[in-house]
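Examining the three-dimensional arrangement
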Amino acid sequence: MSATTLTYTTLQQDVRRYLERGATLASDAIVYEQIPRLINLAERRIARELKVQGFINVVSGALTEGQSVYDKPDRWRDTISINVGVGAGNNTRKTLFTRDYEYVRSYWPNSEETEEPIFYCDYDYNHWLIAPTPDEAYPFEVLYYELPPLLNDEQQTNWLTEYAPQLLLYGTLLEATPFLKNDDRIPVWQTMYDRSAAMLNGEDLAKILDRSAVRKEA
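All of these numbers come straight from a predicted model, not from anything done at the bench.

Here's the deal with the packing of aromatic side chains
On inspection of all chains with the given rule, the structure shows 10 aromatic pairs. Taken together, the aromatic side chains of F97, Y103, Y107, W108 and F119 make up a single cluster linked through ring pairs. Taking the ring centre of Y193 as reference, the NZ or CZ of R45 above it sits at 5.2 Å. Stacked on the ring of W76, the Lys or Arg K72 has its end atom at 3.5 Å from the ring centre.

Given below as C-alpha cells:
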C-alpha cells in the first residue's frame, strides 16, 4: 500500500478537516462519532447510484438437481447475467434469460418437474428463482454488481478508497451537510460529487468502447 493511498483512518481525518468539526471525541463527540456512519452511508449511496466495472463481481458453483431457488451472494445489488454449462461435459456456456417472477412461474408452474434451465428471476431480494427446475448439477457463473466491503477499523481499504477516493470523500461530505444542518454547502459537495461520478462513468464507457472497437494495423 503506498503512502498516498486513502484509508478508512485517513478518510475520517480528511472529513474532519473539511468540516472543521469533530477533531476529537472530547471536543465534539456527536460529530466525531457520526463520521463513520456518514462514510458508510456514502459507500451505500455510491454503490446504489453507480454501475461501474469496479463493483462487478463473479461467483461460480453448481446448481442442485431438483432445486429451483438459490441464494444471492452477500452484498448483492443487481444481477448482470447468469450462465450455465450444458452439452457434452457441460463445456458449452448458455446464458439464461431474465424474466419477471410471474412469467417464470407461469412458464414452469410445477417446480418438482425438472429440465434444462432457460430463465431466471428475482424471487426476493436475497434469492433467485430458476426455471425449469434443474434436472442435473449444471455448473453456473453469475456476474453481478455488489456493495463493496464497508470500511471500518479492520477494513481499511476497498475499491473506492483505491480507485475513487475523491468520490468517496465528496460523497461523505454530502451526507454530512444535512446532519450538520449546513444546507448552503450541499450544492458545493453535490457538484464535486457529480463531477467525480461523471469521470468514473466516463472511464467505464471508454473501456466498453475500447473493448468493442475493431483494431486494424496501420
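From this point, the discussion proceeds with the structure in view.
Considering the sheet that holds strand β3 (residues 76–86)
Pairing is antiparallel across the open sheet formed by 4 strands, whose spatial order is β1-β10-β3-β4. A single partner strand is all that each edge strand has here, and the edge strands are β1 (56–62) and β4 (92–95). Each strand of the sheet is rotated relative to its neighbour by a mean of 25 degrees, with strand direction disregarded. As paired strands, β3 and β4 are joined by 4 bridges and run antiparallel to one another. Within β4, the position partnered with G85 by the bridge is R93.

Comments concerning the confidence of the model for the chain
Looking at the chain as a whole, the pLDDT averages 90, with 92% of positions reaching at least 70. Here residues 208–218 is a poorly scored stretch, pLDDT under 50, and it has 1 contact once near neighbours within four places are set aside; other chains count.

Looking at the packing of helix α2 (residues 29–49) against helix α5 (residues 165–179)
Packing of α2 against α5 leaves a shortest axis separation of 8 Å and a crossing angle of 120 degrees. One element, α2, and the other, α5, form an angle in the oblique class. α5 is crossed by α2, and the crossing has right-handed handedness. The segment α2 lies against α5, with I30, V31, Q34, L38, I39, L41, A42, E43, R45 and I46 engaging L167, L168, G171, T172, L174, E175, A176 and F179.

A look at the side chain of S196
With respect to the helices and strands, the residue S196 is situated in helix α6 (residues 186–212). Judged by its relative accessible area of 13%, S196 is buried. Once you skip the residues sitting within four places of it in the chain, S196 turns out to touch Q166, L167 and Y170.

Topic: α5
Counted at 1.5 Å a residue, the expected span for α5 with its 15 residues is 21 Å, and the 22 Å between its end C-alpha atoms agrees. Among the 15 residues in α5, 11 count as buried, and that is most of the element. Along α5, the positions that sit buried rather than exposed are L167, L168, L169, Y170, G171, T172, L173, L174, E175, A176 and T177. Backbone geometry just after α5 places K181 at a positive phi near 55 degrees.

Calculation rules
Residues numbered from 1 in each chain as written. Predicted model: local features only at pLDDT ≥ 70, side-chain atom pairs only at ≥ 80, totals over all residues. Heavy atoms only, no water. Phe/Tyr/Trp six-rings, centres within 6.5 Å; stacked < 30°, edge-to-face > 60°. Lys NZ or Arg CZ within 6 Å of the ring centre and 35° of its normal. Pairing = 2+ DSSP bridges. Helix = DSSP H or I, 4+ residues; strand = E, 2+ residues; numbered from the N terminus. Axes fitted to C-alpha atoms, helices over the stretch in contact; angles between N-to-C directions. pLDDT = per-residue confidence, 0-100. Contact = heavy atoms within 4.5 Å. Parallel < 35°, antiparallel > 145°, perpendicular 65-115°, else oblique. Left-handed = near helix turned anticlockwise from the far one by under 90°. Buried < 20%, exposed > 50% of the residue type's maximum accessible area, 1.4 Å probe, protein only. Expected span 1.5 Å × (residues − 1).

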